[in-house]
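# Summary of structural features
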Amino acid sequence: MMDSSRQLRGVELRYVVTMYLARHGRADIAELIDALSRFGFEFAGRPSKAISDALRWEMRYGRVRRHARGMYGPGWMPRSTEYRIHQRELALRDAAERYRAEGG
């Protein structure tokens, strides 16, 4: 079970990973796992598989670009989409922080 983290999967995982890349630029899978873990998130299943699946989905929409095997970077997205994803990501990070603060 989770001990002070919030489990990410599906659209939530895709949005958090997409915004991380938009803010920080290129990253490999291990960096993304470390960063999201520091934010207080856990993953459904194997972290590397969950993140690579999320990135593959976002690549279809052009919001993430693959630069090399295991290396991804930000793509392009309309400002309205970026705003919506950013708001959702902030809410998820806030929920993870509250969960951790409550000793969840």
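Right, let's walk through the structure included here. (Residues numbered from 1 in each chain as written. Predicted model: local features only at pLDDT ≥ 70, side-chain atom pairs only at ≥ 80, totals over all residues. Heavy atoms only, no water.)

## Things to note about the nonpolar core
Threshold: Joining through side-chain atoms within 4.5 Å is the link that ties buried Ala, Val, Leu, Ile, Met, Phe, Trp, Tyr and Cys residues into a set, and such a set is a nonpolar core. Partly exposed describes any residue whose relative accessible area lies between the buried limit of under 20% and the exposed limit of over 50%, with all areas from a 1.4 Å probe on protein chains only and scaled to the type maximum. Going along the chain from the N terminus, every DSSP run of H or I of four or more residues is numbered as a helix, and every run of E of two or more is numbered as a strand. Any two residues whose heavy atoms approach within 4.5 Å are treated as being in contact.
Core analysis: the largest hydrophobic core is formed by 23 residues, its most contacted members being Leu13, Leu21, Leu32, Leu36, Ile51 and Leu55. Going through the elements one at a time, helix 1 (10-24), helix 2 (29-38), strand 3 (41-43), helix 3 (47-60) and helix 4 (79-101) are the ones with two or more residues in this core. Excluding residues that lie within four positions of it along the chain, leucine 32 makes contacts with Val17, Tyr20, Leu21, Ala27, Ile51 and Leu55.

## Some words on helix 1
Stated formally: In this scheme, a helix's expected span is set at 1.5 Å multiplied by one less than its residue total.
Over its 15 residues, helix 1 extends 21 Å from the first C-alpha to the last, a length consistent with the 21 Å expected when each residue adds 1.5 Å. In the segment just after helix 1, glycine 25 is the residue with positive phi, at about 80°.

## Let's talk about the sheet that holds strand 5 (residues 71-74)
Our working rule: Pairing between strands is defined by DSSP: at least two bridges between them are needed. Lines are fitted to the C-alpha atoms to define the axes, a helix being fitted only along its stretch in contact, and any angle between axes, read from their N-to-C directions, falls within 0 to 180 degrees.
In spatial order, the strands read 2-5-4; together these 3 strands make up an open sheet with antiparallel pairing. Looking at the sheet topology across the chains shown, the edges are occupied by strand 2 (27-28) and strand 4 (64-68). On top of the sheet, helix 1 reaches strand 2, strand 4 and strand 5; it is set at about 75° to strand 5, its chief contact.

## Structural notes on helix 3
Compared with an ideal rise of 1.5 Å per residue, which puts 14 residues at 20 Å, helix 3 spans 20 Å between its outermost C-alpha atoms and is within 8% of the ideal. Along helix 3, the positions that sit buried rather than exposed are Ala50, Ile51, Ser52, Ala54, Leu55 and Glu58. Buried-residue contacts for helix 3 involve helix 1, helix 2, strand 3, strand 4 and strand 5. At the exit of helix 3 stands glycine 62, carrying a positive phi of roughly 80°.

## Comments concerning the environment of proline 74
Within the fold, proline 74 resides in strand 5. Given a relative accessible area of 33%, proline 74 falls into the partly exposed group. Separated by 11 residues in sequence, proline 74 and arginine 63 have C-alpha atoms that sit 6.2 Å apart. Apart from residues lying up to four places away in sequence, proline 74 is in contact with Leu21, Ala22, Gly25, Arg26, Arg63, Val64 and Arg65.

## Section: the side chain of glutamate 89
The line we're drawing: In protein, a polar contact requires one atom able to donate a hydrogen and another able to accept it; more generally it is a pair of N or O atoms within 3.5 Å, and residues adjacent in sequence count only if both atoms are side-chain atoms.
Mapped onto the elements of the fold, glutamate 89 is located in helix 4. There is a polar contact of 2.6 Å between the side chain of glutamate 89 and the side chain of arginine 23. If sequence neighbours within four positions are ignored, glutamate 89 has contacts with Val16, Met19 and Arg23.

Honestly, it's all geometry; don't read function into it.
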